[in-house]
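Structural description and commentary
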Amino acid sequence: MDIKDKLALLRTKMEEEKIDYYLIPTADYHNSEYVGDYFKVREYFSGFTGSNGNLLISKDQAGLWTDGRYFIQAEKELAGSGITLFRMQEEGVPTIKEYLEEHVAENGTVGFDGRVVTAAYGKALEDALHNKGIKICYEKDLAGSLWEGRPAMSAKQVSVLPEELCGMSVAEKLAKVREKMKAAKCTAHLIVGLDDLMWLFNIRGGDVECNPVALSYGFLTMTECYLFLQPNAIDDTLRQYAQKWGIILKPYAEIETFLDAEAKEKVLLDEKNVNYTLYKMLQKRAEIVSGINPSEQLKAVKNPTELKHMEEVYLQDSVAVTKFIYWLKKNIGNMPIDEYSAAMHMDSLRRNIKGFLDLSFPTISAYRENAAMMHYEATPSAHKELKPEGMLLVDSGGQYMGGTTDVTRTIVLGEISEEVKKHFTAVAVGMLRLSAAKFLSGCTGRNLDILARESLWEMNIDYKCGTGHGIGYILNVHEGPQGIRWRYLEGAKEAVIEAGMVISNEPGVYIEGSHGIRTENVIVTRSGVKNSDGQFLYFDTLTFVPIDLEAIEPSYMQEIDIKRLNDYHKQVYDKVSPYLEEEERLWLMEATKPIKK
């Protein structure tokens, strides 16, 4: 059944249910960024495989909204489907809310599965559509019910993290969360964020590809602690562990029944994560106090134990990436290599690292114009052959017993143009300038983003995504609430950058049909000088991988930028070279040699 046939089937069902517009977001019941196969309903009905996109269907129209990371990919994947691409945040492009306000007739009906739409977004639609008497129907999974052969919901066994990796016990974490609950004058707290729950209980799962999380809910009172998991995810070890820390285990499917009976008085929850269905239920039974989950903020600030292990993991991960670059440079033109086989070689080097658990996301290996698609993924049947010309962009990372990694390098394979060198140099300069930032406590990522973009904005070019995202600890490679971006986004979370937060630093250039460049290091925030002006902060770098000097043009750099690159490369050589074979070491010495104006 092709996309048009699937949409026709859905439209028939919409007509039966008297629904004028039906929304299918990219989400699970927990507002996760990446979702398990069971929840890929939007992908099933659109053919678009990106991690962010919302599909809106009416009787005679269908549109998909996605962000700048996926414009090129979405255009290709939607071709022939009859679905219109709406490029989010572009001039003249309405949001879904604005589109519905304009197009839904008075007294019409908008439908969606309330379990995969956040309370915040559902309420925003209520407010926007109320004046036209538009009804919202959220009780049925209309699209999911039509998915032939829908995969089963994942229920992988949950494991307990070794205590020596955690830095804080479950009891200590619960106490900190309850302090925040008390400050908010709440008697209970509903937690739905999967990474929040894994962090809080020092456990990990496997229900989302590359994200070690388990489908779960948590409910805390000042004296009791409930964890809702699928029965197949629980073994005797977890039962004993739960008993040790006073965690009451409940079946995942019983969350609605439990809240209906037990949620009373004042319940703290995050409307940007809790789904609309649970919110509407609680609204009838308790006083809701909306606020960020305390665990989200606590989790973002890594403790000394976590940082120690992350530093160790990032060094070994950097060694693997450095070895990959050497292998690629040595063998390009001498043996058949394509995007996919290159990615597989990178993955194999990671799997040899002690404590390796999984990739932190599928490796992006994108050659020449494919690199302009920010989240391109080569497959065994669809990939480009690499030649000794142009560049290969490789964005990759791993999950280890000790940390989560993310690194991107764009590697020169042969001749490149002067324009490409100019773009590459500007990206490297921006990354290094942000890494060197000193700033006052109280700054958010919007205060810092210009440091990464300035060299590109001077050329009147930009990249259509943020500059940096938080990194989890043996958790999701994308973690909030911290981030670095220039644009204010309505409804998006924004957090003050604090000491202990780990963040990616990844400016880029993406020229459709030509090339893509990204240079990404991961940085950690440290406390600096404190004086009468306040507490100053700075970044330390965790990633130590050479930046390809074959694409660096010093004439486009200031002396301070050259010094920063040379200083960084000295660190790379000093830290990585002891782990290399002699031939690799000699190559790295040349690859990190000082440059001059």
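Conventions used here
Residues numbered from 1 in each chain as written. Predicted model: local features only at pLDDT ≥ 70, side-chain atom pairs only at ≥ 80, totals over all residues. Heavy atoms only, no water. Helix = DSSP H or I, 4+ residues; strand = E, 2+ residues; numbered from the N terminus. Rg over C-alpha atoms; globule rule 2.2 N^0.38 Å. Buried < 20%, exposed > 50% of the residue type's maximum accessible area, 1.4 Å probe, protein only. Areas by Shrake-Rupley, 256 points an atom, 1.4 Å probe, with all protein chains shown as cover. Pairing = 2+ DSSP bridges. Core = buried A, V, L, I, M, F, W, Y, C linked by side-chain atoms within 4.5 Å. Contact = heavy atoms within 4.5 Å. Patch = residues over 30% accessible without salt bridge, like charges linked within 9 Å, V, L, I, M, F, W, Y side chains within 5 Å. Salt bridge = Lys/Arg side-chain N within 4 Å of Asp/Glu carboxyl O. Polar contact = N/O pair within 3.5 Å; in protein donor to acceptor, adjacent residues only side chain to side chain.

1. A few points about the overall build of the protein chain
Secondary structure summary: the protein chain contains 18 helices and 28 strands in total. Against the compact-globule benchmark of 25 Å for 597 residues, the protein chain has a radius of gyration of 25 Å, which places it among compact chains. Taken along the three principal axes of its C-alpha coordinates, the protein chain extends 70 × 55 × 50 Å. Going through the 597 residues of the protein chain one by one, you find that 57% of them count as buried. Carbon and sulfur atoms form 49% of the exposed surface of the protein chain, whose accessible area is close to 25000 Å².

2. Topic: the sheet that holds strand E18 (residues 398–400)
Reading across from one edge, E15-E18-E19 is the order of the three strands in this open sheet, with antiparallel pairing throughout. A single partner strand is all that each edge strand has here, and the edge strands are strand E15 (356–359) and strand E19 (403–404). Pairing of E15 with E18, which is carried by three bridges, proceeds in the antiparallel orientation. Directly across from Leu 359, in E18, lies its bridge partner Gly 398.

3. Some points on the nonpolar core
Formed by 75 residues in total, the largest nonpolar core has its most connected members in Phe 324, Leu 328, Leu 386 and Phe 539. With residues up to four places along the chain from it excluded, the contact list for Leu 386 reads Leu 328, Ile 332, Ile 337, Asp 338, Glu 339, Ala 342, Tyr 367, Leu 392 and Leu 413. Grouped together as the second largest cluster of nonpolar side chains are 60 residues, Tyr 29, Val 35, Ile 203 and Val 289 included.

4. Some thoughts on the environment of Met 153
With respect to the helices and strands, Met 153 occurs in the loop between strand E6 (135–137) and strand E7 (159–160). Other than its neighbours up to four places away in sequence, Met 153 contacts Tyr 29, Tyr 38, Phe 39, Leu 215, Gln 230 and Tyr 252.

5. Remarks on a nonpolar patch on the surface
Together, Ile 450, Trp 457 and Trp 486 give the surface a local cluster of nonpolar side chains, amounting to about 280 Å² of exposed area. Relative to the helices and strands, Ile 450 is located in helix H16 (residues 445–457).

6. Examining the pattern of salt bridges
Summed over the entire model, instances satisfying the criterion amount to 40 salt bridges. Across the salt bridge formed by Lys 299 and Glu 479, the nearest N and O atoms sit 3.6 Å from each other. Separated by 180 residues along the polypeptide, Lys 299 in helix H12 (residues 294–300) and Glu 479 in strand E23 (residues 479–484) bring together distant segments of the chain. A single burial state applies to Lys 299 and to Glu 479, both of which are buried. When the shortest N-O distance is used, the salt bridge between Lys 570 and Asp 574 registers 2.8 Å. In this pair, Lys 570 and Asp 574 are both assigned in helix H17 (residues 559–576), four residues apart and thus about one turn of the helix distant. The exposure class of Lys 570 is exposed, given its relative accessible area of 52%. The network of salt bridges with common partners includes Asp 195, Asp 196, Lys 299, Lys 302 and Glu 479.

7. Things to note about the environment of Thr 444
Mapped onto the fold, Thr 444 is located in the loop between strand E21 (438–440) and H16. Aside from chain neighbours lying at most four places away, what touches Thr 444 is Glu 494, Ala 495, Val 496 and Ile 497. Within polar-contact distance, the side chain of Thr 444 engages the side chain of Glu 494 at 2.9 Å.

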